[in-house]
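Examination of the molecular architecture
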Amino acid sequence: MSSSSPTLLPDVDLRPGSPPILRADAAGDTAGWAAEHRDALRAAVAEHGSLLVRGLGLRDPDTTAAVFRRLATTLMPDRESFAPRRTYEDGVYSSSKWPPNQQMCMHHELSYALEFPGLMLYACLDAPDQGGATAVADAPAVLDALPASLTARFEREGWLLTRTYNDEIGASLAEAFGTEDRAAVEHYCRAHAIEFAWQGDGSLRTRQRRSAVVRHPVTGRRCWFNQIAFLNEWTMDPEVREYLVDVYGSDGLPFNTRYGNGDAIDEDVVLIINEVYGAHTAREPWHSGDLLLVDNIRTAHSREPFEGPREVLAALGDPVRLTDCAPTIEVRAA
C-alpha cells in the first residue's frame, strides 16, 4: 500500500455546522485513489475527528469494500449490535436497521463493548430524498458542555446497559453474538464482562457496566464516550416505549441504560444530554457516492430521519481496547 503526505490533499472545507469536507477526483480508480491518499485522509481524520469525502462516486458494495479495506488497518466483525444489519461481506455491513421516521441519537459505536472500532467508515450508495444525514459531534466538547455534577457521577460510577434479546425487537441473539448456541453465548458473555440470565421464555437478559468517560488512546483527550442517552428508554418514541413496557414490562425492554450503581436515569438527564449533543451537531446531507470517515472515540455520530430509499454501507475499523483508554471504572472479564 502506498503512502502519501497530508499536504498532497486539496484543502479541506471547514464550515461551522458541517463536518470537514474534502472534494476528491478519483478519475475512475476509486480504490487506487484511496490507497494513494490513505495516510493523508487518516491524518485529516486525526486532526478534525471526521472527514466527508465527496466526488468518489461510490456506487456498489464491491468497490466500497475495496475502499474500506485500503483505508482501515483491520475491519472488525459486528458483535453485540443493538439492531440488525445486512452483511455484504466480512466486515462490510448495511447501516443499522432503524425506523426511517425515527431519530437515531448521537452515540459511539460499540461503546458498551470491551473492544470497539477506532475508525468508522461509511459510504452512501443511494442518498435519500430528504434527511437521513449521518451527523457528528465532538466528544471532548460535549463533555465540557455537560453539567459537571452529572459527568462527575458518571465518571465515578460508570453506566449500565441492560438488554433483553428476543426475536421481535432489536438484534436477535444470533445477530448480536453470531450464534444461538447457549454455551457459546455464555462463553462470550463471561469473556466480555457481561452478566447474563436466561428467562423462562428462552430470552436472554444481560447487564454490562462500562466507563462513560475515556481518554483518547492517541491524544489523551478526555471524551464523553457512551450510549447513555441513545439506548435509554426516554429516547424512545413515547408510543413505542409505552407499547414495549406494556408487552415486556419495564425490566424487559430490548435495551435501557442506568447509572453505574443501578439507579434509574431520569428523563430530564436524557434530555440534557441530547440537548448538548444537539448544540454540538455538525451535519451535511448525503450525496450518492460520498465517503465519511469518523474517529469513533473522539466523535459521536447519529442518523437523522429520512424519506425515500437510503443505502449506506458501514465498516468498523481498527479495533481499540477499553483498557487502552484509561477507563474510570474497573471492568473485569471472567
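Please refer to the structure higher up on the page.
These figures come from a predicted structure and were not determined experimentally.

1. With respect to the pattern of salt bridges
- Tallied over the entire structure, the rule returns 19 salt bridges.
- Residue Asp13 is joined to Arg23 by a salt bridge in which the shortest nitrogen-to-oxygen separation is 3.5 Å. Placement of Asp13 in the segment before strand S1 (21-23) and of Arg23 in strand S1 is noted, with a sequence separation of 10 residues between them.
- Classification of Arg23 by relative accessible area gives partly exposed; the value is 46%.

2. As for the side chain of Asp78
- Mapped onto the secondary structure, Asp78 falls in the loop between helix H3 (61-71) and strand S3 (87-89).
- Polar side-chain contacts of Asp78 include one of 3.0 Å to the side chain of Arg85.

3. So, the environment of Gln227
- Along the chain, Gln227 falls in the loop between strand S13 (222-224) and helix H8 (238-248).
- Linking Gln227 and Trp159, residues 68 residues apart in sequence, is a C-alpha distance of 9.0 Å.
- Non-local contacts of Gln227, meaning those with residues more than four positions away in its chain, are made with Phe82, His107, His108, Glu109, Leu110, Ser111, Tyr112, Trp159 and Thr257.

4. Points about a negative patch on the surface
- On the surface, Asp167, Glu168, Glu175 and Glu180 cluster together into a negatively charged patch.
- Within the secondary structure layout, Glu175 lies in helix H6 (residues 173-177).

5. Some details on the packing of aromatic side chains
- Tallied over the full model, the rule gives 9 aromatic pairs.
- Note on Phe154 and Tyr259: the rings are 4.9 Å apart at their centroids and 25° apart in plane angle, and the pair reads as stacked. Placement of Phe154 in helix H5 (residues 148-157) and of Tyr259 in strand S14 (residues 255-259) is noted, with a sequence separation of 105 residues between them.
- With relative accessibility at 0%, the residue Phe154 sits in the buried group.
- We classify Tyr259 as buried; its relative accessible area is 8%.
- Over the ring of Trp198 we find Arg182; its NZ or CZ atom is 4.2 Å from the centre of that ring.

6. Thoughts on the sheet that holds strand S16 (residues 291-295)
- Taken together, the 7 strands give an open sheet; going across it, the order is S1-S2-S16-S6-S19-S4-S3, and neighbouring strands pair in mixed fashion. Because the sheet does not close on itself, it has two edges, and the strands there are S1 and S3. Put simply, the sheet's adjacent strands are angled 25° from each other on average, direction ignored.
- Sitting on the sheet, helix H2 (residues 38-48) is in contact with S1, strand S2 (50-54), strand S6 (115-126), S16 and strand S19 (311-321), with an inclination near 135° to S2.
- Running over the sheet, H3 touches S3, strand S4 (92-94), S6, S16 and S19 and is turned about 145° from S6.

7. Brief notes about empty space enclosed by the protein
- Per the counting criterion, the structure on display carries 4 cavities of 30 Å³ or more.
- The calculated volume of the largest cavity comes to roughly 120 Å³.
- Residue lining of the largest cavity: 14 residues in total, with Ser95, Ser96, Met104, Tyr122 and His301 positioned closest to the centre.
- Of all the secondary structure elements, the ones that give two or more residues to the lining of the largest cavity are strand S5 (104-107) and strand S17 (299-303).
- If you tally residues by element for the lining of the largest cavity, the top one is S17, at 3 residues.
- Looking at the lining of the largest cavity, its residues break down into 4 nonpolar, 6 polar and 4 charged.

8. A look at the nonpolar core
- One finds Phe82, Phe154, Trp224 and Ile273 to be the most contacted residues of the largest nonpolar core, which totals 64 residues.
- Broken down by element, this core gets its largest block of residues, 5 residues, from helix H9 (residues 267-279).
- Among the nonpolar cores identified, the runner-up in size contains 29 residues, and Val45, Ala65, Leu121 and Ala123 belong to it.

The rules we used
- Residues numbered from 1 in each chain as written.
- Predicted model: local features only at pLDDT ≥ 70, side-chain atom pairs only at ≥ 80, totals over all residues.
- Heavy atoms only, no water.
- Salt bridge = Lys/Arg side-chain N within 4 Å of Asp/Glu carboxyl O.
- Helix = DSSP H or I, 4+ residues; strand = E, 2+ residues; numbered from the N terminus.
- Buried < 20%, exposed > 50% of the residue type's maximum accessible area, 1.4 Å probe, protein only.
- Polar contact = N/O pair within 3.5 Å; in protein donor to acceptor, adjacent residues only side chain to side chain.
- Contact = heavy atoms within 4.5 Å.
- Patch = residues over 30% accessible without salt bridge, like charges linked within 9 Å, V, L, I, M, F, W, Y side chains within 5 Å.
- Areas by Shrake-Rupley, 256 points an atom, 1.4 Å probe, with all protein chains shown as cover.
- Lys, Arg positive; Asp, Glu negative; His and termini not counted.
- Charge placed at Lys NZ, Arg CZ, Asp CG, Glu CD.
- Phe/Tyr/Trp six-rings, centres within 6.5 Å; stacked < 30°, edge-to-face > 60°.
- Lys NZ or Arg CZ within 6 Å of the ring centre and 35° of its normal.
- Pairing = 2+ DSSP bridges.
- Axes fitted to C-alpha atoms, helices over the stretch in contact; angles between N-to-C directions.
- 1 Å grid on protein atoms, 1.4 Å probe; cavity = no way out; pocket = protein on both sides within 12 Å on 5 of 7 lines; lining within 4 Å.
- Points joined across faces, edges and corners; volume = space filled by probe spheres on them.
- Nonpolar A, V, L, I, M, F, W, Y, C, P; charged D, E, K, R; others polar.
- Core = buried A, V, L, I, M, F, W, Y, C linked by side-chain atoms within 4.5 Å.

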